[in-house]
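Fold and geometry: a report
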Amino acid sequence: MLEPLSRKFQKDPNAFEQGILEEWESRNLLKATLEARANAAPFVFYEGPPTANGRPGIHHVLGRTLKDTICRFQTMRGKRVLRKAGWDTHGLPVELEVEKQLGISGKPDIEKHGIGPFNEACRNSVFTYKQDWEQLSQRIGFLLDYENPYVTFHSNYVESVWFLLSRFAVNNLLYRGHKVLPWCGRCGTGLSSHEVGLGYKDINDPSVWVSLPLIDGKGELEGASLVVWTTTPWTLPSNMGACVNASFEYVVVEHNGGRFVLLENKVAELFAEGEWEIVSRMMGEELVGHSYHPLFEYEGGDTVHEGEHRQVVVADDYVTDVDGTGIVHLAPYGADDFRIANREGIQAVLAVGDEARFLCPVAQVSEGTFFSDANKALSRDLKERGRLLKLSQCTHSYPHCWRCDTPLIYFPAPAWFLKTSSYKKEMIEENKRIRWAPSEIGEGRFGEWLENNIDWALSRDRYWGTPLPVWVCDCNEDHWHCISSFEELGELSGGLEDSFDPHRPCVDEISFPCNHSECSGSMSRVPQVIDCWFDSGAMPFAQYHWPFDNRETVAEQFPADFIAEGLDQTRGWFYTLHAISVFLTKVDQDLWKSGELLGKPLPRLAEGSAYRSVMVNGLLLDKDGQKMSKRLGNIVVPGNAIEKHGADAIRWSLLSGGAAHLSRRFDDKAVSEVRRRVLGTLLASYDFFALYARTEAWNPTDCELPEVSSRPALDRWILSRATACASQCVEAFDALEPARALRSLEGFIVDELSNWYIRRNRRRFWNSDDSESQATAFATLWEVLRATVRMTAPVAPFLSDSIWTQLSQNDESVHYQEFPSPDGIRDIPLEGAMDPILRASSLGRSVRERVQIRVRQPLGKLIVHVAGESSLGASPRAYTDSLIQELNVKEVEWVDGTPDFLQVRAKPNYPRLGKRAGKKMKALAASISEMNRETLFALQGGSTTTLVVEGVEFEISGEDISMETLEVEGLEATTDGVVTIGLETTLTEELISEGLAREIVNRVQALRRDSGFDVSDRIQLQLGGSVQVEKAAQEHRDWISSEVLAPEGIKVASEKTQGAQEYELPENEALWILATRLPAEVN
RNA sequence: GGGCCAGUAGCUCAGUUGGUUAGAGCGUCCGCCUGAUAAGCGGGAGGUCAGAGGUUCAAAUCCUCUUUGGCCCA
């Protein structure tokens, strides 16, 4: 019992933790934890679903540790924390992976292969690395319910998503439109931004300046033309309008008898010097509303956006003065252009279709011409008609299809949208109620994103995803319907097969008659699937198959109290969760009106966002601050690091290294340091306790723990500090700032518990002469250690649990104990009184260093003065013994008041006086520092004095100044401004003799250790040496023998015994020792 | 181009509402202790708080600009 743990941990942390993992597994820790909290209030956590078709890296360890730590902490605060795992399984990355596997590429290939087999391959591929994820999570101690995860491709999940989509449709927030995408005309497909990035190439393009003659120009604008610039002449036939920036100033210039409108600083690029002059200036807004003659007249084309206007001037901030003329030609082949056309009601007609070829003849370009081949002919035509002002060539980087190398176009593809912009106000409002850590992300990045919200382009022309549950009539495409459940689909289509799978292609085959009156058409599904971000954003509902099942559970488990993901999720999961939940709970009022749905009660869900607080973590870089990437080969494989250091050290180091939201470096050395300095110290402290509890047979169960009030000041101090630490941890964890909690814990464990409390109290643990003090020491340390491991448990779950089990001597895990109460016993005056003691110790060591007298050499007297001692709530003098031991002095003299030998000076209390004195503060500070000691003394005694500074009187009281001690006359002294000490450095005969006695003990102890004796082994001791040494040994023989456990006393002999160890002591003194272990019966 | 964040000791980072001499760990130099012993502790040295300007009696902290780096979006 009370086994030592330190060496086992330091030697092989991995094996150490594996043992604890087995324990947890055998008793199913997560289940046990939830059972222990069966009736507790919930703390709701949502797991952001990872994609399991990639290996987890060390940065996932960061995210998972943050989640786990907060969840464990809340569990220990008495909450019931369900932890349902989840998997994000749909989407393009899966498809690309499978294309690679099957050795095919592109949509035509996939359709040739067959959507059915392709999706089957996707389904099999998504869990390629599931094992890796589960094992890693389990190994780092991330408690997660992997037995009942939510999986986005499961039928139930898909059905919930359909239901949510149908609610958008019912509210008229689902609509058909166009989305401008990077598009390959040859493959007939849109590309993701990732794919676009794969295919940039430098090409040569024409650069044309074209005139747009105004139809209705008046005054200076009469007969004037707008000038636009483009490198894509093929888009000019599809010109919809011209866009200016309302706040720019434009000029009208005359050139060769014509008038042209553009930005002043662009004129020189167009016309030669001296051939133009400025006629007039006007703001962009004055141009808005004019119309101009179209560039090309032709029949045909594909109208993709109906509108009342064509060829008009509009304004938008997206127009810059960097490229072009400050007037932008709008064509449907641009996302901004499309947005503006939408807003302004401008008709959009495509001259170039989805195969990137002309749909109709335009000028000298024939139907079917590939877009890039039309540039020359179009330019020529414009030139002939006098509309081309300038033509040159430019080389620039242009995207190409990474599969077939064809130049891409930006193309408005048919798409389905969610009208999120219609409830932007609600989303912004609800965002203000979310607690963001750090807050800037919520106000800044996320807030900004919501302010600029545009409708959600929901559909994807792909295969492996949740099919968009929209069925359209073949007679009239305005007859469409969004399905809300499998049951509804079954009823409409005459029943679903048992093997029904809501994925493509199965779902594509289902059709039913159009139910619009007097329509005899047949409804079939649109080909698209949906953005997989909608899947993950739907998880608060879909993870429980709401509203078809678990309505009560969702009502309790919505919204989340806490989520935590990386910064890159701001526009990802954080947004989709928010957008869907705000819509469902706040915008969709109809859903909740009746209080029931499908004939069963529907509990109202809390109105608002899906989460109340969110913790954002930054990127994890390598030790040199480089982004980890396969290319650089600097990816840290979590397994290796864990094997070396164990998970606790990694968890601790990841959480303590700076604010969570900043990008941080993963540094192996930092992990070692944490392991040694923090975890090592905690274990050593426990081992110390265990060692003496064993030898002295102390057991918490068979003794009565003494009243705290009756314990020594130092014991009450450490208990109070433990409470202080608990209160800081609770505050920091609640604020989602684990790094702050860990700083408190590190300081408490290393400085306060180990380096001060244990170090100053060691003797009490083996001194059974004072059994009361010993029992109290054991009780205090036991209690403090138990509190400490409960505080470290959320961060270092393994180590903490193993120490806890030892201390408790039972099987109960630390992980469902209560976190130490922040409202426990606290004695703040006592804590304050310790501060001068720590300062005095430090000063004392500094003086000893200066005068070169080692601590082992006792000194006579230490004089201590504490400025403002009387204002401390408790007297530091209660700790006099600690100071005597720490600095090895015979006595401590506490100085009252400000005696003559102490030089003092006053410093102004700036925060107090600064407000009163204002500009005169500097002068006032000067006169305060000149006040004499009598005045200061009087002020401290409670009287006041008046200082006149620059003609103004200031009444100064004791509170307006603080006293600073400078030095002590006649002694080796030093001060830190608050505490001043003087050290008597005279060495008397007795002190020297005692110093030597300590040297002797020191050498004997070293010899004991080197000889491999146990700490409680008794020995027989012979020694001798130089005259002074022998004299000291004689004088202190009793003390020495008790210190080194030589019950038979020591034998001082002038003749050196054979086999004795020789030593050279300071001041050229000589010593020899012979120590032998006494037989066991003596021990 | 826009937004957000960061720049403090050789390295990694703290630094509360502006207020006394800007702190800690690692590293380095010097030393100590050891009945926690394959540990531990202390003391020094080391900083123009990225740069410039401003507000203020007082700025690492507030404001403006510049600069470097990161992330997100165009």
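Values in this document were obtained by computation on a predicted structure and should not be read as measured data. (Residues numbered from 1 in each chain as written. Chains lettered and ligands numbered in written order. Predicted model: local features only at pLDDT ≥ 70, side-chain atom pairs only at ≥ 80, totals over all residues. Heavy atoms only, no water.)

Take the overall build of chain A next. Check the secondary structure of chain A and you find 37 helices and 42 strands. Dimensions of chain A, computed from the C-alpha atoms along their principal axes, are close to 125 × 85 × 60 Å. Across the 1083 residues in chain A, those meeting the buried criterion constitute 55%. In chain A, the share of contacts with a sequence separation of at least 24, taken over all contacts with a separation of at least 6, comes to 77%. (Helix = DSSP H or I, 4+ residues; strand = E, 2+ residues; numbered from the N terminus. Buried < 20%, exposed > 50% of the residue type's maximum accessible area, 1.4 Å probe, protein only. Contact = heavy atoms within 4.5 Å.)

With that settled, the discussion passes to the pairing of strand β23 (residues 522-525). The two faces of β23 differ: Met523 and Arg525 on one face are buried, but Ser522 and Ser524 on the other face are not. The pairing of strand β20 (residues 470-473) with β23 spans three bridges and is antiparallel. Residue tryptophan 471 lies in a different strand from β23, and its bridge partner there is arginine 525. Across three bridges, strand β22 (residues 511-513) lies against β23 in antiparallel orientation. Along β23, the bridge assignment pairs proline 513 with serine 522. (Pairing = 2+ DSSP bridges.)

All right, on to the sheet that holds strand β18 (residues 456-457) then. Within a sheet, adjacent strands bond to each other through the backbone by hydrogen bonds, running parallel or antiparallel. In space, the four strands of this open sheet follow the order β4-β3-β16-β18, with antiparallel pairing throughout. The strands lining the two open edges of the sheet, one partner per strand, are β4 (189-190) and β18. Sheet topology note: the strand β16 (residues 409-418)/β18 ladder contains two bridges and is antiparallel. Bridged to leucine 418 within β18 is tryptophan 456.

This part is about the sheet that holds strand β37 (residues 972-975). Taking strand neighbours across the sheet as the criterion, the four strands line up as β32-β31-β38-β37 in an open arrangement whose pairing is mixed. Taken across any chain shown, the strands that pair with only one partner, and hence form the sheet edges, are β32 (889-894) and β37. Averaged over all neighbouring strand pairs, the angle between strand axes comes to 20°, with direction disregarded. Where β37 lies against strand β38 (residues 979-983), four bridges are found, and the strand directions are antiparallel. Each bridged residue has a counterpart across the sheet, and for glutamate 972 the counterpart in β38 is leucine 983. Across the sheet, helix α30 (residues 828-851) is in contact with β31 (859-866), β32, β37 and β38; its angle to β38 comes to roughly 40°. (Axes fitted to C-alpha atoms, helices over the stretch in contact; angles between N-to-C directions.)

The end-to-end C-alpha separation of helix α35 (residues 989-1010) is 32 Å, in line with the 32 Å expected for 22 residues at 1.5 Å each. A positive backbone phi angle near 80° is found at glycine 1012, which sits one or two residues after α35. (Expected span 1.5 Å × (residues − 1).)

Of note, threonine 788 is situated in helix α28 (residues 771-792). The residues touching threonine 788, leaving out its near neighbours within four places in the chain, are Leu682, Phe748, Ile749 and Leu753.

Taken as a whole and assessed by the stated rule, the structure comprises 56 salt bridges. Arginine 677 is the partner of glutamate 746 in a salt bridge, and the nearest nitrogen-oxygen pair spans 3.0 Å. With a gap of 69 residues between them, glutamate 746 in helix α27 (residues 738-766) and arginine 677 in helix α25 (residues 668-695) connect regions that are remote in the sequence. Classification of arginine 677 as partly exposed rests on a relative accessible area of 30%. (Salt bridge = Lys/Arg side-chain N within 4 Å of Asp/Glu carboxyl O.)

This next bit is on the confidence of the model for chain A. The predicted model of chain A has a mean per-residue pLDDT of 85, with 95% of residues at 70 or higher. Complex prediction metrics read pTM 0.87 and ipTM 0.90. (pLDDT = per-residue confidence, 0-100.)

When you line up the elements, serine 613 lands in strand β28 (residues 613-617). Along the primary structure serine 613 and isoleucine 563 are separated by 50 residues, whereas in three dimensions their C-alpha atoms are 6.6 Å apart. In this structure the side chain of serine 613 is engaged in a polar contact, spanning 2.6 Å, whose partner is the backbone oxygen of aspartate 561. (Polar contact = N/O pair within 3.5 Å; in protein donor to acceptor, adjacent residues only side chain to side chain.)

Attention now moves to the nonpolar core. Trp652, Phe689 and Val864 are the most contacted members of the largest nonpolar core, which totals 137 residues. If you look at the next biggest cluster of nonpolar residues, it comprises 62 residues, including Leu287, Val319, Phe338 and Val352. (Core = buried A, V, L, I, M, F, W, Y, C linked by side-chain atoms within 4.5 Å.)

A word on unusual backbone geometry. Residue proline 505 is reached from arginine 504 by a cis peptide bond, and omega for that bond is 0°. Along the polypeptide, proline 505 turns up in the loop between α17 (486-493) and β22. A cis geometry characterises the amide bond from tryptophan 546 onward to proline 547, with omega recorded as -5°. Mapped onto the elements of the fold, proline 547 is located in the loop between α19 (539-542) and α20 (551-556). A positive phi angle, near 50°, is found at asparagine 256, a position not held by glycine. With respect to the helices and strands, asparagine 256 occurs in the loop between β8 (249-255) and β9 (258-263).

Turning our attention to the packing of aromatic side chains. Scanning the model with the defined rule gives 46 aromatic pairs in all. Between the aromatic rings of tryptophan 698 and phenylalanine 778, the centroid separation amounts to 5.4 Å while the plane-to-plane angle is 15°, which identifies the pairing as stacked. Remark: phenylalanine 778 occurs in helix α28 and tryptophan 698 occurs in the loop between α25 and α26 (713-734); sequence separation between them is 80 residues. In this structure, tryptophan 698 and phenylalanine 778 share a single accessibility class: buried. By way of ring pairs, the aromatic residues Phe688, Phe689, Tyr692, Trp698, Phe765, Trp766, Phe778 and Trp782 are connected into one cluster. We note arginine 139 situated over the ring of phenylalanine 798; from NZ or CZ to the ring centre the distance is 5.6 Å. Over the aromatic face of phenylalanine 296 sits the side chain of arginine 385, whose NZ or CZ is 5.0 Å from the ring centroid. (Phe/Tyr/Trp six-rings, centres within 6.5 Å; stacked < 30°, edge-to-face > 60°. Lys NZ or Arg CZ within 6 Å of the ring centre and 35° of its normal.)

Of the positions making up helix α8 (residues 130-139), those classed as buried are Trp133, Glu134, Leu136, Ser137 and Arg139. At the exit of α8 stands glycine 141, carrying a positive phi of roughly 80°.

Once that is clear, we can look at the packing of helix α15 (residues 424-431) against helix α21 (residues 573-587). One can describe the packing of α15 onto α21 by two numbers: an axis separation of 10 Å at closest approach and a directional angle of 110°. Considering their axes alone, α15 and α21 lie roughly perpendicular with respect to each other. Residue-level contacts link Glu426, Met427, Glu429, Glu430 and Asn431 of α15 to Tyr575, His578, Ala579, Val582 and Lys586 of α21. When its residues are assigned to classes, the contact of α15 with α21 shows four nonpolar, two polar and four charged. (Parallel < 35°, antiparallel > 145°, perpendicular 65-115°, else oblique. Nonpolar A, V, L, I, M, F, W, Y, C, P; charged D, E, K, R; others polar.)

Before going further, it helps to spend a moment on the environment of valine 526. Note on placement: valine 526 falls in the loop between β23 and β24 (529-530). The spatial distance from the C-alpha of valine 526 to the C-alpha of tryptophan 471 is 5.9 Å, given a sequence separation of 55 residues. When sequence neighbours within four positions are dropped, the list of residues in contact with valine 526 reads Trp416, Leu468, Val470 and Val472.

Okay, the environment of leucine 859 next. By the secondary structure assignment, leucine 859 is in strand β31. Taking relative accessible area as the criterion, leucine 859 reaches 0% and is therefore assigned buried. If near-sequence neighbours (up to four positions away) are discounted, leucine 859 is found in contact with Arg848, Ile853, Asn888, Val889, Lys890, Leu983, Glu984, Thr985, Leu987 and Leu991.

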